[in-house]
Amino acid sequence: MSRAGRLALGALGIALAAVFALVASSAASAAAQEAKRTIWDGNRTTPAHLIPLRDENDEPIIPTETDPLPYSARFTCGPCHDYGTIRSGWHFGAMTAEKSGRPGEPWLQVDAKTGTILPLSYRKWAGSYDPKAVRLTAWDFTLLFGRHMPGSGPAEPPDEEVLAHPEARWNVSGKAEANCLACHNKSGRQDHSEWAKQVLRENLRWAATAAGGVGEVGGMASRLKETWDIIDGPNLDDHEWAVVPSVKYRTADFDSKHRYFFDLNYQPSDDRCLACHSVSPKDEAQWSADADVHSTAGLKCADCHRNDLGHAIVRGYEGEAAETGNRTAESFTCRGCHLGENAAGEKSVIPGRLGAPAPKHTGIPLVHFKRLSCTVCHSGPKPKEGFTRVRTSKANRLGIYGVATWSTDMPQVIEPVYAKDAGHKISPHRLVWPAFWAKRTGKEVTPLQPAVVEAAAGDILKPEERIAQVLIALTQVMADDEMPVVVSGKFVFAPNVDGGVDAADRPGAKADGPVFWGIRKGGDVLPLVPDFDPAAADKDPAVETRFQEFLQALGTVAGAPGRPVIVVKKTLYRLVDGSLDMSEVSAELAEAAGPGWLVEGRFLPLASDFDLRTVTAKAGTEQTLTEEQVALVLGALAKPAEDTEFIYISGGRMFRLDKDGKLEAGELAAAEPVTWPLAHNVRPAQQSLGWNGCTDCHSGGSNFFFTKLKGEGPLLTKAVEKRSASSFMGLGGLFQRFFGLSFIVRPVFKVVLAVCAVVAGSLVFLAGLLALGRLAGFLEKR
Amino acid sequence: MLFTIITVLSALGLFAGLTFHRFWTTREEAKSTILYAEIFKKYLAWLALRTIQSSRQASPKAWWNYLKALPLWRLPDLEKWLFIGLYGSFAYLAASGFFFAIFVPRGLFGYPLVGHVMAGGLFAACLAVIVIFKGRNFISVPKPVNLSLAVLDPRKMGITAARVRFAAFWLFVAAGFLLTLSALLPMLPLLRTPGQKFLFEFHRYSALASVLAAMIFVGLKAFDAARP
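Residues numbered from 1 in each chain as written. Chains lettered and ligands numbered in written order. Predicted model: local features only at pLDDT ≥ 70, side-chain atom pairs only at ≥ 80, totals over all residues.

For chain A, the helix and strand inventory stands at 25 helices and 30 strands. For 782 residues, the compact-globule estimate of 2.2 N^0.38 gives 28 Å, and chain A exceeds it by more than 25% at 35 Å. Each of the three principal axes of chain A carries a C-alpha extent, and together these read 130 × 125 × 55 Å. The buried share of chain A, reckoned over its 782 residues, is 38%. Put simply, of all contacts in chain A between residues at least 6 apart along the chain, 61% involve residues at least 24 apart. (Helix = DSSP H or I, 4+ residues; strand = E, 2+ residues; numbered from the N terminus. Rg over C-alpha atoms; globule rule 2.2 N^0.38 Å. Buried ≥ 20, exposed ≤ 12 C-beta atoms within 10 Å, placed from the backbone. Contact = placed C-beta atoms within 7 Å.)

The following block contains the structure:
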């Protein structure tokens, strides 16, 4: 090799060595940094989080600048707490999780108008549908359920998802990153309602800033054009409607170096957990509701439901440790903490963690511990006739406050339903009956989205809306103390602020009473069209003045079938060129009376028989559909695709049209109720089942085994599923009744056994003494 | 699992012991040699032969005739029904208890369990009455013994088949007492989980003891009855 070659080779070697050293040093530095993030130094305090805020472009935020961007958790919290690791946690990783874990509460898509209660989950839980399978994109899912999500997950989809669905508005709204403050904010400013509001305004990238009280956010991304981008800045042409979201930071919480003080908890406080995980009996007063016994004892949710940086939160069920590989989870099951046992009953952990007392379980036969989970006796409300209806944060939209009432009564969540879990132990569950429209192909059922059903149904699902339109129109000409109503059967219907009607009982009225439009004044309902003779000379002129007002008001009803008219004793009142016109009715209208619509010479009542019949039938119930409506909608759905079968599921039954076009009910696996185990609230020991003895459960008519569950759903029908509690346990009701009755004679049985034992034992003892005495020579043989 | 192994081994051992006792006391070839291996071979040959003979003779009709010939039916009414109660309940208790303990991982449950509990009550009551009125017939105690090394010599202990049968009776009664006790105590609000677990095992082993005692008793009694 030449000298030049040797020099070149040497230089190359030195260069390679330098590169290698640099890479090695970087790797070592990264490893040290990684270790710094994940390894606890042993200090038990939470450091003050006075830190610079950074936006989604990783630029520092100067709060006093014009139009600063919202802070980004990825770049503000990420430098110390690896964002990618956190994102894989339980609350964020449903879309990508390999293991689904024990079933939890599914997301319930509820739509009252179409009677939809559709259980959804990205995790593969029995009874829940994959959102993708029902054509819900991450965008749809975020808008539906983002109100009770802590960001990330579907609200921060990968770029492939964003590109695959250009109709979504991610570029306008931004993505909702994992909202660290949703759980860790100690400040009382953390506002869950604000989070929900921002999500529904599509202000996803701003939501954490607003909800955390870091800054005030105005504007609505939902009103911006889909072409708007964050780099476009404020909309200079519109300061009223399509206002670009903007942040006004709370400058008082910044120091002179523009560092923001986050008041944080290492362990989230219970309030933060309960914002999304509250469950309360539906009709219980707040002051009388008790907290979980662990909370009362001073424990926090996060004391048991722990996690490391990966946020794989310990859920606390038996078998979780084996499933996740996290052996620590064994310590935080009921058995782990109180007995020191793992799921197999081995003494694998040290009991008494967090001061858990050892249960006595005096006199409880062993079979109970083999066949029942701890929660059967200790958790949820005690079994009562007809179960307990509860409302949950996620299902019933609890914890979101404002001018409007956000929470809903639907769906009906029932507990405690005792059913076998994956470990074949009976445990208490919450239950929801699904309800949805679906396309059925063989055994496959594909739920339809409410929008699809509504589009096909046309006016069938809008009777309340149509009646409300008429009533709302009439309110324009009512005095302050007057309210237009329609009276049908035993109910008086008045318009509500949601564009529907509210039904009130009409004491003393008959179900088949006449239908009339009226005015509610105080407690009285007066007819809209009073009984008078239009031909009389002494008629009250004020009546006709009001008729004119009514007709003018009715003329504003959007989509009215014709011109408004009022017929009184063969006199037709109508507006001609804005003035009241009276004329004699034609022969065709001889039977007409009251207010109505004149359509091509025919008189139509203000509301059709179908509308009134439908609204009256549903009045005073929670149901939102009648069988007639379901039959009509099924017919409408089938019209464009006659070879496809459409069904509706409600109350545990499947409904479809038979060959004659009539509605028939049947059974279908998809109509089965969806259940998920419950663990809280844990009751005090004295309120546990069995405290008062075996007959708490084992009696001829105990609610534990024999209370009946009736399928509930949006459809008003008698064709609903009915089941006894024991059927969910997979136990024979007859046997349990017989076994329960045996406890009537059990006290006598125990006395008999005791007497027999005393007799046999005494004689054995005597025989033994006798033999001993003989052997010793104390007793002479007779 | 341990209980199953102990049950199977002890039942087989006892069966072998009883049959060997019969072989030893009735067959001349048993004493034709002093070599244990030879004796064992002859015992096995005899056992095989008897098994074949018995299986050839066994039939529902033969069993029925055997049952009909039992002296039980000739007892006074009250006594007869008392024994029927005892034998019937014990047979059901043993069958249901051991079948579920050995073959069903879940253990006894459902209607068989309810039957087991009811039969248990009947068994305890019959046993108590029988031991009051019939226990005296099973008292046969040895003469006073003198303190010498001779007490350790089995040949001088006076162990006879009759005395073993009596001992089996009292073992059966004692096991019955323990069974009753271990069934009763878990039903009372006295024991915690470890106590319940202990009594559950105790109940099983008491049941095994009672079955083994019954086997000894019945085996020896049947042998006596069959003797010319």
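Alright, that's what it looks like, and here's the rest.
With that settled, the discussion passes to the overall build of chain B. On a plain count of helices and strands, chain B comes out with seven helices and zero strands. For the C-alpha atoms alone, the extent of chain B along its principal axes is close to 60 × 55 × 45 Å. Expressed as a percentage of the 228 residues in chain B, the buried residues total 21%. Summarising the internal contacts of chain B: among those between residues at least 6 apart in sequence, 65% fall at separations of at least 24.

Below, the discussion takes up the domain arrangement of chain A. By domain assignment, chain A separates into domain 1 (49-92 + 150-266), domain 2 (278-434 + 676-729) and domain 3 (438-670). For domain 1 of chain A and domain 3 of chain A, the distance between their C-alpha centres works out to 45 Å. (Domains from an automatic or database assignment.)

Residue and element names in this part refer to chain A. Relative to strand S21 (residues 594-599), strand S18 (residues 563-568) runs antiparallel, the two being bridged by five bridges. Bridging from a neighbouring strand, Pro-564 pairs with Trp-597 of S21. Remark: two residues form the turn of the hairpin made by S21 and strand S22 (residues 602-605), two consecutive strands paired antiparallel; Glu-600 in that turn has positive phi of roughly 50°. (Pairing = 2+ DSSP bridges.)

Okay, the interface of chain A and chain B next. The interface of chain A with chain B comprises 29 residues on the first partner and 36 residues on the second. Tallying contributions element by element places helix H25 (residues 733-776) of chain A first for the side of chain A that touches chain B, with 21 residues. Residues belonging to the side of chain A that touches chain B are distributed by class as follows: 20 nonpolar, six polar and three charged. (Nonpolar A, V, L, I, M, F, W, Y, C, P; charged D, E, K, R; others polar.)

We now examine the sheet that holds strand S24 (residues 645-650) of chain A. Residues and elements named next belong to chain A. Spatially, the five strands line up as an open sheet ordered S12-S11-S24-S25-S26, and their pairing is antiparallel. Looking at which strands have only one partner, the edges of the open sheet turn out to be strand S12 (444-447) and strand S26 (663-666). Strand-to-strand twist in this sheet, taken as the mean axis angle between neighbours without regard to direction, amounts to 35°. In terms of strand pairing, strand S11 (residues 436-441) meets S24 through five bridges, oriented antiparallel. Its bridge partner being in S24, Lys-439 is matched across the sheet by Phe-646. (Axes fitted to C-alpha atoms, helices over the stretch in contact; angles between N-to-C directions.)

In this structure, Ile-117, Ala-207, Trp-437, Val-630, Val-633 and Ile-649 of chain A are the most contacted members of the largest nonpolar core, which totals 100 residues. Among all residues touching Val-630 of chain A, those that are not within four sequence positions of it are Leu-625, Tyr-648, Phe-655, Leu-663 and Leu-715 of chain A. Counting residues in hydrophobic clusters, the runner-up holds 40 residues, among them Ala-757 and Ala-767 of chain A together with Leu-93 and Ala-128 of chain B. (Core = buried A, V, L, I, M, F, W, Y, C linked by C-beta atoms within 7 Å.)

A few words on the sheet that holds strand S10 (residues 426-432) of chain A. Paired through backbone hydrogen bonds, the strands of a sheet run either parallel or antiparallel to each other. All names here are of chain A. Read from one edge of the open sheet, five strands run S7-S8-S9-S10-S27, paired in antiparallel fashion. Among the strands making up the open sheet, the edge pair consists of strand S7 (279-281) and strand S27 (674-677). Averaged over all pairs of adjacent strands, the angle between their axes in this sheet comes to 45°, without regard to strand direction. Pairing of strand S9 (residues 413-420) with S10 involves five bridges; the strand directions are antiparallel. Bridge pairing links Ile-414 to Leu-431 in S10.

With that out of the way, let us pick up unusual backbone geometry. Residue and element names in this part refer to chain A. Following Glu-415, the chain continues to Pro-416 via a peptide bond in cis, the omega torsion being -10°. Mapped onto the elements of the fold, Pro-416 is located in strand S9. In this structure, the amide linkage connecting His-680 to the following residue, Asn-681, adopts the cis form with an omega of 0°. Even without a glycine there, the phi angle at Glu-202 is positive, about 65°. By secondary structure assignment, the location of Glu-202 is in the loop between helix H8 (192-200) and helix H9 (204-211). Glu-202 sits in the buried class, given 24 other C-beta atoms within 10 Å. Positive phi outside glycine occurs at His-258, with the angle close to 65°. With respect to the helices, strands and loops of the structure, His-258 is situated in the loop between strand S5 (246-249) and strand S6 (259-262).

Moving on to helix H5 (residues 110-134) of chain B. Look at H5 of chain B: 35 Å from first C-alpha to last across 25 residues, which is about the 36 Å you get at 1.5 Å a residue. Listed in full, the buried residues belonging to H5 of chain B are His-116, Ala-119, Gly-120, Phe-123, Ala-124, Ala-125, Cys-126, Leu-127, Ala-128 and Val-131 of chain B. Buried residues along H5 of chain B sit against H25 of chain A together with helix H4 (77-103) and helix H6 (161-184) of chain B. (Expected span 1.5 Å × (residues − 1).)

Residues and elements named next belong to chain A. Where H8 contacts H9, the axes come no closer than 8 Å and their chain directions differ by 165°. Judged by the inter-axis angle, H8 sits roughly antiparallel to H9. The handedness of the crossing between H8 and H9 comes out as right-handed. Contact residues: His-192, Glu-194, Trp-195, Gln-198 and Val-199 in H8; Leu-204, Trp-206, Ala-207, Ala-210 and Ala-211 in H9. By residue class, the composition of the contact of H8 with H9 is seven nonpolar, two polar and one charged. (Parallel < 35°, antiparallel > 145°, perpendicular 65-115°, else oblique. Left-handed = near helix turned anticlockwise from the far one by under 90°.)

What follows covers the environment of Ser-583 of chain A. Inspection of the secondary structure puts Ser-583 of chain A in strand S20 (residues 579-584). Once the C-alpha coordinates of Ser-583 of chain A and Leu-632 of chain A are considered, the two residues, 49 residues apart in sequence, prove to be 39 Å apart.

The next point concerns the packing of H4 of chain B against H5 of chain B. All names here are of chain B. Following both chains from N to C, one finds H4 and H5 inclined at 140°, their axes separated by 8 Å at the closest point. As far as their axial angle goes, H5 and H4 are oblique. Seen from above, H4 lies across H5 with left-handed handedness. Contacts from Leu-82, Gly-85, Leu-86, Ser-89, Phe-90, Tyr-92, Leu-93, Ser-96, Gly-97 and Phe-100 of H4 reach H5 at Pro-112, Gly-115, His-116, Ala-119, Gly-120, Leu-122, Phe-123, Cys-126, Leu-127, Val-129 and Ile-130.

Right, let's get into the confidence of the model for chain B. Residues and elements named next belong to chain B. Summing up the model confidence of chain B, the mean pLDDT is 86 and the portion of residues at 70 or higher is 93%. Of all the helices and strands in chain B, helix H2 (residues 36-57) carries the lowest mean pLDDT, 86, while H4 carries the highest, 92. Confidence estimates for the predicted assembly give a pTM of 0.87 and an ipTM of 0.88. (pLDDT = per-residue confidence, 0-100.)

On to the environment of Tyr-573 of chain A, then. Residues and elements named next belong to chain A. Its place among the elements puts Tyr-573 in strand S19 (residues 571-576). For Tyr-573, a count of 22 C-beta atoms within 10 Å translates into the label buried. As for Tyr-573 and Glu-544, which are separated by 29 residues in sequence, their C-alpha atoms are 8.7 Å apart. For Tyr-573, the contacting residues outside a window of four places in its chain are Phe-547, Leu-551, Val-565, Ile-566, Val-568, Leu-580 and Met-582.

Moving on to the pairing of S24 of chain A. Residues and elements named next belong to chain A. For S24, the buried fraction is high: five of the six residues fall into the buried class. Where S24 meets strand S25 (residues 653-657), three bridges bridge the pair, whose relative direction is antiparallel. Pairing of Tyr-648 across the sheet is with Phe-655, part of S25. Remark: two residues form the turn of the hairpin made by S24 and S25, two consecutive strands paired antiparallel; Gly-651 in that turn has positive phi of roughly 60°.

A few words now on the environment of Leu-122 of chain B. Residues and elements named next belong to chain B. By secondary structure assignment, the location of Leu-122 is in helix H5. With 17 C-beta atoms packed within 10 Å, Leu-122 lands in the partly exposed category. Sequence spacing of Leu-122 and Ala-207 is 85 residues, and the spatial spacing of their C-alpha atoms is 15 Å. Beyond its immediate sequence surroundings of up to four residues, Leu-122 is in contact with Gly-85 and Ser-89.

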